[in-house]
Amino acid sequence: MKSRNTIILFISGFLFLTSCSKWLEEENFTQISSDNLYTSEQGLGVSLGGLYNLQRAYERVNYGANLGNLWVYCADDLANTRTFNDATIYKANMTPANMPSEKWTSGYQLIDRASAIISAVPKVSMPEANKNRILAESKVIRAMAFFKLFQLYDNILIDTIATTTQNAFDVVVYKPASRQDVFKVINSDLDFAISKLSYTVKPGQVGLALARHMRAQTAAWAEDWDTMATQCDEIISKSGLSLQPLDKVFAEDLNHKEAIYTYQNDEILGGSSNLAGGSVHSLSAYFNARYYEMPGGYMIEDNNWGGNCFAWSTPNNYLKGLYDKTVDKRYTTYFYPEIVIGNKPGTAYYGLPLPASAYPDNFRQYCFSLKKYQDFSKPNGRADSYKDVIAYRLAETFLLGAEAHWRKNNTTKALEYINKVRQRAGVPNFTTIDQKTILEESARELCFEGNRWFLLKRMGVLTEQVNKYHTYGSAKTNQVIAPMLPYHVRWPIPQGQIDLMGGTFPQNTGY
């Protein structure tokens, strides 16, 4: 047994967070003290802004921080891992002591602060509509954190009592919650939000579409196909969202009609996760080759070719083979051309396809590269980006809806939904559908958006797919598959957290 604050870290820092995103109106909060953060409507507004900041930081993918988030992008069946995370993805460092721990620690910090707002709102005098909005948005963020913890670890702690100065040292017995209890908390939060939220929200704000989309996801894990289908149908038919032209989906402005929820970033207002503009992420660099290092000196660093990049984990041959390159618009929209055009003025191949001698067997310099996170605003020499990041979008809702209706034996509706995604890509409609169809179309559409690992795990094919297709290597000559073991479908619980909980919380099997 330990005091209840042992796994909740850095809570005091939350008190200094400002509004999280561009949609929040600027206010002078200098007169809001920690004493009335939870006792006034204005204070709760500051607290909610801070909660958004914490949630955005929790999911940020950045060099040297939140490495667990990068792991999820790199560890599925669509990636080749060249260097970063090599020892951690299903290898020697995937241990309780070496795995990134922030998904557990920061997840519970986020839950604790959401619970503080949720418990405070009923005690504060304010219009009922304002109460419901703050409660609903906080509950969705809490549900998101619990859901992520469950998907990663399976065995998690359920604690919805906020840490205060009065209870910080109360004795708590830590034990894993049942799967049923985990989903009871998550679904209760989401169902409340669905009853109170609107589809019309500002960019970066939790809204009804997000609550319904998440409820469809949790229903999928429970194999509740009716609820899953209903939630997707509601979004598709009533939200006002729509699939956008492919060249707009990941363009400069990501607050468009396909975006369900987008993390807002702004370099002028940012510089730290505690500031309104947030901190940098490195998504625009992780999955792309350093074309400017190709032999011959025909290329210079240019954001048209990804700019400063890492090529740490890149799309593999399995993913590339899923596209019909002659017709699928996603092949040319979501990825950089495999035929590189020289861009260094004054060289023999400026504006022309490079010669064969310029293509090395070195994945750092040249490889199949992802274009989804391309950022034209970042300066030369900087890998980090302040571009907004789409966390949930309508294309995924269509694919979830297709799966739900297929599992309900409503093939007509399932094909209607999945073919909406295919029609936009310019490829022929499917006439039949099964799990393999859904998985492959999801790969084509949603690759490297951070959701594939969880989809494979939910469908029970994660180990099989990874052991067939996930590769490691820096060149074609050394590209190999390293086996994923069955117990790797759940992360090890950080050993430091088990120690803080008195050593009684069980470690996940296999570790």
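The rules behind these values
- Residues numbered from 1 in each chain as written.
- Predicted model: local features only at pLDDT ≥ 70, side-chain atom pairs only at ≥ 80, totals over all residues.
- Heavy atoms only, no water.
- Helix = DSSP H or I, 4+ residues; strand = E, 2+ residues; numbered from the N terminus.
- Buried < 20%, exposed > 50% of the residue type's maximum accessible area, 1.4 Å probe, protein only.
- Lys, Arg positive; Asp, Glu negative; His and termini not counted.
- Charge placed at Lys NZ, Arg CZ, Asp CG, Glu CD.
- Core = buried A, V, L, I, M, F, W, Y, C linked by side-chain atoms within 4.5 Å.
- Contact = heavy atoms within 4.5 Å.
- Phe/Tyr/Trp six-rings, centres within 6.5 Å; stacked < 30°, edge-to-face > 60°.
- Lys NZ or Arg CZ within 6 Å of the ring centre and 35° of its normal.
- Expected span 1.5 Å × (residues − 1).
- 1 Å grid on protein atoms, 1.4 Å probe; cavity = no way out; pocket = protein on both sides within 12 Å on 5 of 7 lines; lining within 4 Å.
- Points joined across faces, edges and corners; volume = space filled by probe spheres on them.
- Nonpolar A, V, L, I, M, F, W, Y, C, P; charged D, E, K, R; others polar.
- Pairing = 2+ DSSP bridges.
- Salt bridge = Lys/Arg side-chain N within 4 Å of Asp/Glu carboxyl O.

(A) Here's a closer look at the overall build of the protein. Across its full length, the protein holds 18 helices and seven strands. Its C-alpha atoms give the protein principal-axis dimensions of about 70 × 50 × 45 Å. Every one of the 511 residues in the protein was classed for burial, and the buried ones make up 60%. Where the 52 positive side-chain charges of the protein centre and where its 50 negative ones centre are 2 Å apart.

(B) Spotlight on the nonpolar core. Ranked by internal contacts, the top residues of the largest apolar core, which has 131 residues, are W71, Y90, V140 and W453. Per-element tally for this core: the top contributor is helix α5 (residues 128-153), with 14 residues. Residue contacts for Y90: discarding those within four places in its chain leaves W71, A75, W453, V466, Y472, P483, M484 and H488. Y298, W305, L354 and F363 belong to the second largest nonpolar core, which has 13 residues in total.

(C) Broad picture of the packing of aromatic side chains. Enumeration over the complete set of coordinates arrives at 37 aromatic pairs. Ring centres of Y286 and F310 lie 5.6 Å apart, and the angle between their planes is 55°; this geometry places the pair in the tilted category. Residue Y286 is found in helix α10 (residues 283-286), and its partner F310 is found in the loop between α10 and β5 (313-315); the two are separated by 24 residues along the sequence. Residue F310 is classed as buried on the basis of its relative accessible area of 11%. What links up through ring pairs into an aromatic cluster is the set Y63, Y73, F250, Y286, F287, F310, W312, Y334, Y373 and F448. Just above the ring of Y58 sits the side chain of K103; from NZ or CZ to the centre is 3.4 Å. We note K325 situated over the ring of Y331; from NZ or CZ to the ring centre the distance is 5.6 Å.

(D) Highlighting helix α13 (residues 394-407). For α13, with 14 residues, the first-to-last C-alpha span of 20 Å sits near the 20 Å given by 1.5 Å per residue. Summarising burial for α13: 12 of the 14 residues are buried, a large majority. Immediately downstream of α13, the backbone of N409 shows phi near 70°, a positive value.

(E) Quick peek at empty space enclosed by the protein. Considering all chains together, one arrives at four cavities of 30 Å³ or more under this definition. Estimates place the volume of the largest cavity at around 760 Å³. As for the largest cavity, its lining consists of 41 residues, and the residues nearest its centre are K148, A391, E449, G450 and N451. Contributions of two or more residues to the lining of the largest cavity are made by α2 (41-59), α3 (67-74), α5, α7 (208-221), β6 (389-393), α13, α15 (435-446) and α16 (452-459). The biggest single contributor to the lining of the largest cavity is α5, with five residues. Residues that form the lining of the largest cavity fall into these classes: 22 nonpolar, 10 polar and nine charged.

(F) Looking closely at the sheet that holds β5. In spatial order, the strands read β5-β2-β7; together these three strands make up an open sheet with mixed pairing. Both edges of this open sheet fall to β5 and β7 (471-472), since each of them pairs with a single strand only. In this sheet, β5 lies alongside strand β2 (residues 79-81) in antiparallel orientation, the contact comprising three bridges. Pairing of N80 across the sheet is with T314, part of β5.

(G) Structural context of the pattern of salt bridges. Summed over all chains, the structure comprises 35 salt bridges. Between D189 and R142 there is a salt bridge, with its nearest N and O atoms 2.8 Å apart. Placement of D189 in helix α6 (residues 179-196) and of R142 in helix α5 is noted, with a sequence separation of 47 residues between them. Here D189 and R142 have matching classes, each one buried. Two residues, E441 and R422, come together in a salt bridge whose shortest N-O distance is 2.7 Å. Separated by 19 residues along the polypeptide, E441 in helix α15 and R422 in helix α14 (residues 411-425) bring together distant segments of the chain. Residue classification places E441 among the buried positions, given a relative accessible area of 0%. The exposure class assigned to R422 is buried, which follows from its relative accessible area of 9%.

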